[in-house]
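# Observations on the model geometry
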Amino acid sequence: MTKQEILSHLPYSKPFLFVDELQHIDENSVSGSYTFDKDLDFYKGHFKDNPVTPGVILTETMAQIGLVCLGIFLSGSAASGLPGHVMLTATAIDFMKPVFPGEKVSVTAEKVYFRFKKLHCNVQMSNEAGEVVCKGTISGMVTNKMNA
Amino acid sequence: MTIARQEMINQLKLIVDAYTENKTALEQINEQTDFIKDLNINSANLVDIVLDVEQAFDIEIDNTSMERMLTVGASIAVIEEKLAAKKPD
């Protein structure tokens, strides 16, 4: 699958699509980037008069690039495979730096294993200065059906 | 029940302990125990259990066998098959 085909299979749209482009993907790793639109709705409330990207949104961004894109690639590249859906099952993330509205972040993920339909990855997010913003592990089940 | 089977149940119990909150059901674990229904384990953690079983028993479990491993008894049957296949004769 090409990077463009993977993006077209993502089941998200604005305001919940957190992937702009993929720089690289192969069967072991993926890297991509996203720029946080300063007009995203959650900045109005997180926090009042002091917008910072919520940790759950950083986690979601890492999941969309690092887990979902890689899961679509791996399932779509399998011999009999159709691009599957990826259901998030676990996250363990440490947060090091804040991400402000308008910042561009890069996410890299490395497959730890993909067995019995479970994809488990190490993920890391960096800001434009190259500083690590957050990192950890994310896993999910690659299925044929959504929500199943 | 053979001693070997009871030992396998005990080993499975140790593995499963990390993935279930239902300690009451875990205490009563037996061959009929269903990982998903009785121990409230999700499909992702079921994969973790199978991976831990591979390591604990030094065996490799294929996709078809993994799909059978929904209960303790079925898991022991798979482990026994794989252990038997591993022996040189």
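The structure contained in this document is the topic of the report that follows. (Residues numbered from 1 in each chain as written. Chains lettered and ligands numbered in written order. Predicted model: local features only at pLDDT ≥ 70, side-chain atom pairs only at ≥ 80, totals over all residues. Heavy atoms only, no water.)

### A closer look at the packing of helix α1 (residues 3-17) of chain B against helix α3 (residues 43-57) of chain B
Residues and elements named next belong to chain B.
- Closest axis-to-axis distance for the α1/α3 pair is 10 Å, and the angle between their directions is 130°. With respect to their mutual orientation, α1 and α3 come out oblique. Here α1 and α3 pass one another in a crossing that is right-handed. The residues of α3 that touch α1, namely those facing M8, Q11, L12, I15 and V16, are I49, D52, V53, A56 and F57.
- Tallied by class, the residues present in the contact of α1 with α3 amount to eight nonpolar, one polar and one charged. (Axes fitted to C-alpha atoms, helices over the stretch in contact; angles between N-to-C directions. Helix = DSSP H or I, 4+ residues; strand = E, 2+ residues; numbered from the N terminus. Parallel < 35°, antiparallel > 145°, perpendicular 65-115°, else oblique. Left-handed = near helix turned anticlockwise from the far one by under 90°. Contact = heavy atoms within 4.5 Å. Nonpolar A, V, L, I, M, F, W, Y, C, P; charged D, E, K, R; others polar.)

### Details of helix α5 (residues 72-86) of chain B
Residues and elements named next belong to chain B.
- When the terminal C-alpha atoms of α5 are compared, their 21 Å separation across 15 residues agrees well with the 21 Å that a helix rising 1.5 Å per residue should span.
- Of all the residues in α5, the buried ones are V72, G73, S75, I76, V78, I79 and K82.
- The elements touched by buried residues of α5 are α1, α3 and α4 (63-68). (Expected span 1.5 Å × (residues − 1). Buried < 20%, exposed > 50% of the residue type's maximum accessible area, 1.4 Å probe, protein only.)

### Remarks on the interface of chain B and chain A
- In this complex, chain B contributes 12 residues to the contact, which on the side of chain A involves seven residues.
- Across the interface of chain B and chain A, roughly 790 Å² is buried in total on both sides, 61% from carbon and sulfur atoms.
- Looking only at chain B, the three residues that lose the most surface to chain A are B:A44, B:V47 and B:L51, adding up to 47% of its buried area.
- Across the chain B-chain A interface, the total number found is two salt bridges. (Buried area = accessible area lost by both parts, 1.4 Å probe. Salt bridge = Lys/Arg side-chain N within 4 Å of Asp/Glu carboxyl O.)

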